[in-house]
Amino acid sequence: MSGSVIARIALIVAAVAAGVVLIAFQRSEDSCTDSVKALFFALKNDEPGAQLDKTIGSVEDDCPGSARLVDAGGVLYQQREPARAARMLREAVDREPDSFSAWAGLAVVLAKSDPAAADAAAARAHSLNPYYRRPS
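The notes below deal with the structure included here.

Some thoughts on the overall build of the protein
Piece 1. A count of helical and extended segments in the protein gives six helices and zero strands.
Piece 2. Within the span of the protein, comprising 136 residues, buried residues form 29% of the whole.
Piece 3. Expressed as a percentage of contacts within the protein between residues at least 6 apart in sequence, the contacts between residues at least 24 apart total 50%.

Below, the structure written as structure tokens:
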């Protein structure tokens, strides 16, 4: 085989591999979006705690990284689920220890239930973003 044929075959293989990766990524993103939507519906429908915990687990399982977990934690907190919000945000900081938004969110969520942990989270958020000021 000539060099140009080998180069064409390599290019085709690379294109197919890239397509497979993109399809897998899209499916993963779709699963995450579906899980987050399910969480919103569960909160809207006041689902019992065990079912809500299962839905939260799906968000944690289906969503890579920390961004969606931070968003979901904020929604849980707004819906008067501070313990579940703290769990979600702790998972977010475990996944991405350098996520400013995860640490800042955790500081807010823990302010009433665990002031010492909230102070530590706020300090970490401040170390990641020196302009951060904890809400009063």
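A short note on the packing of helix H2 (residues 49-62) against helix H4 (residues 82-95)
Piece 1. At a closest axis distance of 11 Å, the pairing of H2 and H4 adopts a crossing angle of 15°. Classified by the angle their axes make, H2 and H4 are roughly parallel. Here the hand of the crossing between H2 and H4 comes out right-handed. Side by side, H2 and H4 meet where Gly49, Leu52, Asp53, Ile56, Gly57, Val59, Glu60 and Asp61 of the first sit next to Arg84, Arg87, Met88, Glu91 and Arg95 of the second.
Piece 2. Classifying every residue of the contact of H2 with H4 gives four nonpolar, two polar and seven charged.

A word on H4
Piece 1. The terminal C-alpha atoms of H4 lie 20 Å apart, and with 14 residues this matches the ideal 20 Å at 1.5 Å per residue to within 8%.
Piece 2. Taken residue by residue, H4 has Arg84, Ala85, Ala86, Met88, Leu89, Ala92 and Val93 as its buried positions.

Some remarks on the side chain of Ser35
Piece 1. With respect to the secondary-structure elements, Ser35 resides in helix H1 (residues 3-44).
Piece 2. Judged by relative accessible area, Ser35 falls into the buried class, the value being 6%.
Piece 3. A polar contact is formed between the side chain of Ser35 and the side chain of Asp62, at a distance of 2.5 Å.
Piece 4. Apart from residues lying up to four places away in sequence, Ser35 is in contact with Thr55, Ser58, Val59 and Asp62.

A word on the packing of aromatic side chains
Piece 1. For the structure shown, the criterion picks out one aromatic pair.
Piece 2. Taking the centre distance of 5.4 Å and the plane angle of 75° together, the rings of Phe100 and Tyr132 count as edge-to-face. With a gap of 32 residues between them, Phe100 in helix H5 (residues 100-110) and Tyr132 in the segment after helix H6 (115-128) connect regions that are remote in the sequence.
Piece 3. Overall, the relative accessible area of 11% leaves Tyr132 in the buried class.

Topic: H6
Piece 1. Spanning 14 residues, H6 covers 20 Å between terminal C-alpha atoms, matching the ideal 20 Å at 1.5 Å per step.
Piece 2. When H6 is considered as a whole, its buried residues turn out to be Ala118, Ala121, Ala122 and Ala125. Along the axis of H6, the buried residues cluster in a sector spanning 100°; they form a single face.
Piece 3. Next to the buried residues of H6 lie H5.

Looking at the pattern of salt bridges
Piece 1. Going through the model one piece at a time under the given rule, you end up with seven salt bridges.
Piece 2. Put simply, Arg95 and Glu91 hold a salt bridge, and the shortest N to O gap is 2.9 Å. Within this pair, Arg95 and its partner Glu91 are both found in helix H4, separated by four residues, close to a single helical turn.
Piece 3. A single network of salt bridges, built from pairs that share partners, joins Asp53, Glu60, Glu81, Arg84 and Arg87.

Parameters and conventions
- Residues numbered from 1 in each chain as written.
- Predicted model: local features only at pLDDT ≥ 70, side-chain atom pairs only at ≥ 80, totals over all residues.
- Heavy atoms only, no water.
- Helix = DSSP H or I, 4+ residues; strand = E, 2+ residues; numbered from the N terminus.
- Buried < 20%, exposed > 50% of the residue type's maximum accessible area, 1.4 Å probe, protein only.
- Contact = heavy atoms within 4.5 Å.
- Axes fitted to C-alpha atoms, helices over the stretch in contact; angles between N-to-C directions.
- Parallel < 35°, antiparallel > 145°, perpendicular 65-115°, else oblique.
- Left-handed = near helix turned anticlockwise from the far one by under 90°.
- Nonpolar A, V, L, I, M, F, W, Y, C, P; charged D, E, K, R; others polar.
- Expected span 1.5 Å × (residues − 1).
- Polar contact = N/O pair within 3.5 Å; in protein donor to acceptor, adjacent residues only side chain to side chain.
- Phe/Tyr/Trp six-rings, centres within 6.5 Å; stacked < 30°, edge-to-face > 60°.
- Arc of directions from axis to C-beta.
- Salt bridge = Lys/Arg side-chain N within 4 Å of Asp/Glu carboxyl O.

As far as function goes, none of this settles anything; it's purely spatial.
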